[in-house]
Amino acid sequence: MADFGEILRNIGEFGLFQKLILFALCFPSIFLPFHFASVFFIQSDPERHCNTDWILQADSNLTTDEQLNLTLPREEDGTFSRCRMFVPVDWDIGAIREYGLNETTGCQNGWVYSNTLYEATIVTDFDLVCDQANLVEVAQALLMAGILLGCLIFGPFAESFGRKRAAQIPVIVMLVFTITTGLCPNFYLYLASQFMVGIGYGGYRLNGVILATEWIGMSRRSWGACLTQLFGAFGQCILAGLIYAVRDWRLAQLITAAPFVVVAIYIWFIPESARWLLDIGRTEEAKQLIIKVAAINKRTVPDSLLEKIVQKETQKRGGIIILIQSPVLRKYFFTIILAWFSLNLTYYCVSFNVGNFGLDVFLTQLMFGLTEIPAHILCIWLLEALGRKVSLMSTLLIGGLFCMLILAFPQGNAVAVTTLVTAGRFFINWAGTICYIYVQELFPTSLRQTASGLGSIASRAGGLLSPLLNMLAVYHWSIPTIVFSSLSLVSGGLSFLLPETTKKELPDSTDEAEGNRNNINLKNQSDSDKPGQSKSTKL
């Protein structure tokens with residue numbers, strides 16, 4: 001049978017077809033960061049006071065200062081309370097002025113906000129202040145929980161129903177619930193919509209990369225994940241400009257939905273992965289697809305190659321059971337998911353704190369995006385020059401070290417802290433791109449989606465825990481930094497256990513994934529050297 005690497009070498013490893021499908025699948029990544037707009041760009045503690053317009057019924061001519069003096073208690077520093085008010089009474093204005101009000105209560109009719117950086121945020125629209133302030137972290141966590149569930153659902157889904165459907169459905173989910181998020185009348189519907197957006201986000205990020213990678217040959221395989229991340233970096237920069245210009249989270253949601261209308265149309269014309277079709281025994285469909293791809297790439301498929309593409313015996317699919325039973329795959333699996341968990345925990349702990357580093361929030365976000373661009377461009381070259389193993393170890397260790405160095409500077413030193421955070425995020429984001437590629441190269445076709453899905457679940461668990469970890473800063477500001485920096489350093493050291501996969505074909509069987517590919521290739525080479533025998537490669 002023909003090895004799929006051999007098929008790609010004949011029809012083109014990175015021809016016009018691969019470039020088109022890669023661009024089509026990377027394009028949505030520009031707009032994926034926009035889904036974080038409502039939880040990234042917030043003022044967690046805006047200037048405010050309780051709405052006390054009840055007193056205007058007693059005297060509608062009161063000035064603002066008079067109204068506040070009569071209805072709000074003062075703090076020890078002399079400022080008006082931001083979370084308390086005097087209990088409303090049914091007195092005339094003369095009695096209120098003469099006797100005053102003494103009994104206090106929490107804000108009963110909402111808040112009045114002033115000097116806000118934005119026109120509208122989820123904090124000001126849903127009054128997530130005072131005793132409701134922690135609900136901001138709940139919103140962040142629920143979005144990450146949706147992304148985690150999306151990986152959990154669409155990973156196994158892609159193994160059974162194909163990479164194509166597993167990329168198409170999440171796009172529709174994101175489109176529908178991005179719109180409903182912007183129209184939500186209350187916080188609970190907002191949470192539900194954001195959770196569904198997260199499901200679509202997680203499903204697409206997982207399957208879009210794999211669908212592109214499985215069509216690309218060995219010499220350009222790293223481009224699949226690197227360009228996806230590169231487009232996302234451009235999206236981070238555009239996100240900073242979008243929020244700076246719009247300043248209204250609802251309008252930002254509707255703007256985000258607009259490009260997904262385009263994506264939702266063309267995504268239905270994306271072809272299935274021929275590698276997956278061959279793996280499940282749908283040989284005729286795969287042949288027709290291979291012929292079409294060759295035509296697009298202006299190549300001719302040799303008849304001898306088509307004859308070698310025959311019905312293969314469907315391998316037993318054990319999913320996670322095979323991952324756990326195989327000592328080698330188990331070692332690879334737990335090492336890579338720890339790395340993925342650690343880097344995502346670090347990445348989102350830093351990202352969700354974008355407004356707390358002391359510099360302008362828009363400038364900080366723009367710096368985050370701009371530093372990611374060279375990271376992903378360099379990643380394409382360095383992955384081939386240094387290899388996957390060295391690249392993953394070095395990026396995790398250096399990124400963790402930069403984050404740990406934050407502890408050496410006081411919180412008030414905004415320039416130093418922001419510089420270290422940006423540098424650490426640069427390397428951590430780089431490591432994330434490597435993980436996307438590495439996890440596909442470590443596991444066979446029958447397990448690739450399962451392993452990638454479980455790895456993405458681990459990474460999203462890190463994102464889910466990041467806002468909760470940030471909440472520990474109320475006990476001491478250094479706790480979150482110590483935790484996520486240490487995990488990055490540990491996972492970087494453990495990455496030494498992984499094998500090098502650079503310039504090797506994607507494994508199609510468990511034996512090949514466990515390291516027997518070299519033995520198989522040597523045996524095939526030996527057989528081909530014998531007179532009267534031809535080399536045969538197993539799919």
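> Give me the environment of V123: which residues, what numbers.
In this structure, V123 sits in helix 6 (residues 122–125). Taking the C-alpha atoms as reference points, V123 and Y348, separated by 225 residues in sequence, lie 20 Å from one another.

> Mind laying out helix 9 (residues 187–213), listing which residues take part and the relevant values?
Over its 27 residues, helix 9 runs 39 Å from end to end, which matches the ideal 39 Å to within 8%, given 1.5 Å per residue. The element helix 9 is extensively covered by neighbouring structure, given that 22 of its 27 residues are classed as buried. Where helix 9 starts, the residue carrying a side-chain oxygen 3.1 Å from the main-chain nitrogen of Y188 turns out to be N186.

> Tell me about the pattern of salt bridges, residues and numbers included.
Inspection of the entire model under this criterion finds six salt bridges. Residue R163 pairs with E214 through a salt bridge whose shortest N-O separation is 2.8 Å. You can see R163 sitting in helix 8 (residues 163–183) and its partner E214 sitting in the loop between helix 9 and helix 10 (222–246), a full 51 residues away along the chain. Look at E214 and you get buried, because its relative accessible area is 0%.

> Pulling in residues and values, what's your account of the packing of aromatic side chains?
Within this structure, the stated rule accounts for 25 aromatic pairs. A centroid spacing of 5.1 Å and a plane angle of 85° characterise the contact between W340 and Y436, whose relative ring orientation is edge-to-face. With W340 in helix 16 (residues 327–351) and Y436 in helix 19 (residues 414–442), this pair connects stretches of sequence that are 96 residues apart. Taken as a pair, W340 and Y436 share a single burial class, namely buried. Centroid distance F427 to W430: 5.9 Å. Interplanar angle 20°. Geometry classified as stacked.

> Give me the packing of helix 8 against helix 9: which residues, what numbers.
At a closest axis distance of 7 Å, the pairing of helix 8 and helix 9 adopts a crossing angle of 150°. Taken as axis vectors, helix 8 and helix 9 run roughly antiparallel relative to one another. For the element pair helix 8 and helix 9, the recorded crossing hand is left-handed. Contacts from R163, K164, A166, A167, P170, V171, V173, M174, F177, T178, T180 and T181 in helix 8 reach Y190, S193, Q194, M196, V197, G200, Y201, G203, Y204, N207, I210 and L211 in helix 9. When its residues are assigned to classes, the contact of helix 8 with helix 9 shows 14 nonpolar, eight polar and two charged.

> Lay out unusual backbone geometry in plain terms, naming residues and giving numbers.
Phi at D127 takes a positive value of approximately 55°, unusual for a residue other than glycine. Following the sequence through the fold, D127 ends up in the loop between helix 6 and helix 7 (135–161). Of note, K298 is a non-glycine position whose phi angle comes to about 60°, a positive value. Here K298 is to be found in the loop between helix 13 (283–296) and helix 14 (303–308). What makes K298 exposed here is its relative accessible area of 77%.

Conventions we followed
Residues numbered from 1 in each chain as written. Predicted model: local features only at pLDDT ≥ 70, side-chain atom pairs only at ≥ 80, totals over all residues. Heavy atoms only, no water. Helix = DSSP H or I, 4+ residues; strand = E, 2+ residues; numbered from the N terminus. Expected span 1.5 Å × (residues − 1). Buried < 20%, exposed > 50% of the residue type's maximum accessible area, 1.4 Å probe, protein only. Polar contact = N/O pair within 3.5 Å; in protein donor to acceptor, adjacent residues only side chain to side chain. Salt bridge = Lys/Arg side-chain N within 4 Å of Asp/Glu carboxyl O. Phe/Tyr/Trp six-rings, centres within 6.5 Å; stacked < 30°, edge-to-face > 60°. Axes fitted to C-alpha atoms, helices over the stretch in contact; angles between N-to-C directions. Parallel < 35°, antiparallel > 145°, perpendicular 65-115°, else oblique. Left-handed = near helix turned anticlockwise from the far one by under 90°. Contact = heavy atoms within 4.5 Å. Nonpolar A, V, L, I, M, F, W, Y, C, P; charged D, E, K, R; others polar.

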